[in-house]
Amino acid sequence: MKAVFSNYLENLAPGLKELIALLKKKYDYVSILATDSKGFAVKISQHAKNVSSKTMTTERGVVVRVHVNDHYSEYALNDFDQKTPEAAAEEIIAALEAQEAVLARTKSASYRTGLLADEPYTLFVEKETEQLPEETDMKALISLLSEISDEGMKAGKHMIECMATAQSTHICKMFLTSNRDLRQSYVYSEGTVICMASEQGRNEYGYEGVSGLCGPEIFVQLKDKVHKCADTAETLLQAERIVPGVYDIITSPEVTGLIAHEAFGHGVEMDQFVKNRALGKDYINKRVGSDLVTMHEGALCAQNVTTYAFDDEGVLAGDVTEIDHGILKTGICDALSALRLGTKPTGNGKRENFEHKVYTRMTNTIFDSGTDKVEDMIASVKYGYLLEGMESGMEDPKHWGIQCVIKMGREIKDGKLTGKVVAPVLMTGYVPDLLGNISMVSDDREVFGNGGCGKGHKEWVKVADGGPYLKTKGVLG
C-alpha cells in the first residue's frame, strides 16, 4: 500500500502559495517547508508499559525562509491553518524586521549569501509500506512486545529485565517556492530488545535492533533477536578487561558503521568547512585510507530510516561517493553552505524539526563491501580481536581524532576465536591511520538505523550507518 500524503498539508497548500506570493513582494527568495508527521513509541518491560504518540520526528508546523540583505532569515509557526495568508504575512514581516533591527543595533555580522536556485520542479512521492503507524493495532503490538520481554527473561539464568521497544513514524513533508512544489510521504520504523543480566553485583546488558523504510510489520523480527541479545548479556558477565595496546582487529558491521559515522560523518559535513572547523577540507582529492576503502553517504545509497526523496531545503536526495578507493573525493553539504563554498548541495540539509535551523547532516553513511570472507579474515589474524556492538563514539573534526566505545572484543589467537571476551573496549586513533591500515573487507554488509545523532550536544536527527567486516589495526584500551 501507499503511505498516503497528508490531507492536512494538501489543504494548507493553496494558502501557503498565497503567502509566498505576498512575501515575494518584499523578498527576492521565499521558501516554505510544511510538515505533518505522526507516529507512536511503545516501551514494554517486566515492570512498566509506556505508549506515546511522540517519536523523534513527529511534528506539525511550517517554517518560512526568506533572503534579505544578502543573508537568510526564518520564521516558524504552528497555527497557519488558523490565519489568513495576509495575517500570516504581516506577522512574519514584522518578526523578520525586528530581527534585522537587532542585527543592526548590535552590529552583528552575518554570512553574505546569494540567492538559492529556484528552477521549476514538481515532485510527488508516496513510498510503499505494508502498514501505517496510525492504523496499527496497538493491543496486538503491546501483546507482541510483552511476549518478547517474557521470552528474554527465560533466555538466560541471570536475567533481571528485558525491555522491548517499537517506534514508527509516518513522515509527510511539503516544500514550496514560487516555482517548486515537492511533496513526500513515507514510513520508517525501528525496534529494539535490551536484555539485562546480573551476577554477584555485576550488571551487563545485550542490545539488538531492527530498522527500515517500512511500517510496523517489521517488529515481528524482534522475536528472532531475543536469544542473541540474552546471550550477549550473559557472555559479558564473564568478560575480562583488555590489556591496552595496538592490535589487529576485525570490526563487525555495526562497529564498521560507528567508524563510518564518526570518522567520515561529522568530519566531512561541509558547514564545518565554512567555519574552518574540519580537517577534511584540506584532504579533498588526497589519500585518507587504503585502496580497499570506498564510502558512500546519502539518502539514496541505502533503504533505511533516513531514506527520503528530498531534504528540508527542497534539494533532491543523492548518493555521494565520499571516499573512492582511499581518496577523499568530497563531503556532504546543505544548500546555504554550498552557496558559500561555491559547490553543489548534496541533499543533506536537515532540521531537527520545523522550529530548528538547517544543518548539514548525515543520512546513510556506509562503507562499500569488498571480496573477502569473514572466516578468512579471522584466519589471517595471529593475535587480535573481533569487535562487536557499539556503545557510543566521538570525533574531533578539527584534528581527525576518533574515539569509539565498543561493546566487546572476542579474542583471536592463531586465526581462531578462543572464546575469551573482553569488555568494554575503547578504540582511539587518527582517522587516516585507522583507515589506511585496512587490509581486508568482507563481501557482505549491513545497515543500522536505530537511534539518532546530535550536532554537538543538540540538533538530534535520524541517521543510519553500516558496512561490511573490516580488518585493520587499532589502538584498544
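A brief structural summary. (Residues numbered from 1 in each chain as written. Predicted model: local features only at pLDDT ≥ 70, side-chain atom pairs only at ≥ 80, totals over all residues. Heavy atoms only, no water.)

**Quick word on the overall build of the protein chain**
Move 1: Scanning the protein chain from N- to C-terminus turns up nine helices and 25 strands.
Move 2: Based on the C-alpha atoms only, the size of the protein chain along its principal axes is roughly 75 × 55 × 40 Å.
Move 3: Considering the protein chain as a whole, with its 477 residues, one finds that 56% of them fall into the buried category.
Move 4: A separation of at least 24 residues holds for 76% of the contacts in the protein chain among residues at least 6 apart in sequence.
Move 5: Total accessible area on the protein chain stands at roughly 20,200 Å², and carbon and sulfur atoms take up 50% of it.
Move 6: Looking at the protein chain, you have 53 positive and 69 negative side-chain charges, and the mean spots of the two groups are 4 Å apart. (Helix = DSSP H or I, 4+ residues; strand = E, 2+ residues; numbered from the N terminus. Buried < 20%, exposed > 50% of the residue type's maximum accessible area, 1.4 Å probe, protein only. Contact = heavy atoms within 4.5 Å. Areas by Shrake-Rupley, 256 points an atom, 1.4 Å probe, with all protein chains shown as cover. Lys, Arg positive; Asp, Glu negative; His and termini not counted. Charge placed at Lys NZ, Arg CZ, Asp CG, Glu CD.)

**Notes on the sheet that holds strand S11 (residues 320-324)**
Move 1: Taken together, the six strands give an open sheet; going across it, the order is S12-S11-S10-S15-S24-S21, and neighbouring strands pair in mixed fashion. At either end of the open sheet lies a strand with only one pairing partner, and these are strand S12 (327-328) and strand S21 (446-448).
Move 2: Contacts between helix H5 (residues 253-264) and the sheet are confined to strand S10 (295-297), S11, S12, strand S15 (364-367), S21 and strand S24 (464-467), with S24 contributing the most and set at about 120° to the helix. (Pairing = 2+ DSSP bridges. Axes fitted to C-alpha atoms, helices over the stretch in contact; angles between N-to-C directions.)

**Brief notes about the pairing of strand S4 (residues 71-77)**
Move 1: With seven bridges connecting them, strand S3 (residues 59-68) and S4 associate as antiparallel partners. Residue pairing in the sheet places valine 68 in a bridge with histidine 71 of S4.
Move 2: What sits between the antiparallel neighbours S3 and S4 is a turn of two residues, in which asparagine 69 has the positive phi angle 55°.

**Comments concerning helix H3 (residues 138-154)**
Move 1: If you check H3, its first and last C-alpha atoms are 25 Å apart, about what 17 residues at 1.5 Å a residue would give, namely 24 Å.
Move 2: Taken together, the buried positions of H3 are occupied by Leu141, Leu144, Leu145, Ser146, Ile148, Ser149 and Gly152.
Move 3: Measuring from the side-chain oxygen of the N-cap residue of H3 to the backbone nitrogen of lysine 139 gives 3.2 Å; that N-cap residue is aspartate 137. (Expected span 1.5 Å × (residues − 1). Polar contact = N/O pair within 3.5 Å; in protein donor to acceptor, adjacent residues only side chain to side chain.)

**A few points about the environment of histidine 399**
Move 1: Positionally, histidine 399 belongs in the loop between strand S16 (383-396) and strand S17 (401-413).
Move 2: Look at histidine 399 and you get exposed, because its relative accessible area is 52%.
Move 3: Counting along the chain gives 122 residues from histidine 399 to arginine 277, while the straight-line C-alpha distance between them is 9.0 Å.
Move 4: Histidine 399 has contacts with Leu279 and Tyr430, leaving out every residue within four places of it along the chain.

**Some remarks on the packing of helix H1 (residues 7-23) against helix H2 (residues 85-106)**
Move 1: It is at 9 Å that the axes of H1 and H2 come closest, and there the two elements cross at 50°. It follows that H1 is oblique to H2 by the angle criterion. The interaxial crossing formed by H1 with H2 has right-handed handedness. Every residue of H2 that contacts H1 at Gly15, Glu18, Leu19, Leu22 and Leu23 is listed here: Pro85, Glu86, Ala88, Ala89, Ile92 and Ile93. (Parallel < 35°, antiparallel > 145°, perpendicular 65-115°, else oblique. Left-handed = near helix turned anticlockwise from the far one by under 90°.)

**Thoughts on the pattern of salt bridges**
Move 1: The final tally for this structure, using the stated rule, is 27 salt bridges.
Move 2: Between glutamate 97 and lysine 26 there is a salt bridge, with its nearest N and O atoms 3.2 Å apart. Linking glutamate 97 in helix H2 with lysine 26 in the loop between H1 and strand S1 (30-44), this pair joins segments that are 71 residues apart in sequence.
Move 3: One salt bridge in this structure joins lysine 462 and glutamate 190, with 2.7 Å as the shortest N-O distance. One end of the pair, lysine 462, is in strand S23 (residues 458-462); the other, glutamate 190, is in strand S7 (residues 180-199), with 272 residues separating them in the sequence.
Move 4: Of the residues examined, lysine 462 reaches a relative accessible area of 5% and is grouped as buried.
Move 5: Salt bridges here are not isolated pairs; linked through shared partners, they connect Glu10, Lys17, Asp181 and Arg183. (Salt bridge = Lys/Arg side-chain N within 4 Å of Asp/Glu carboxyl O.)

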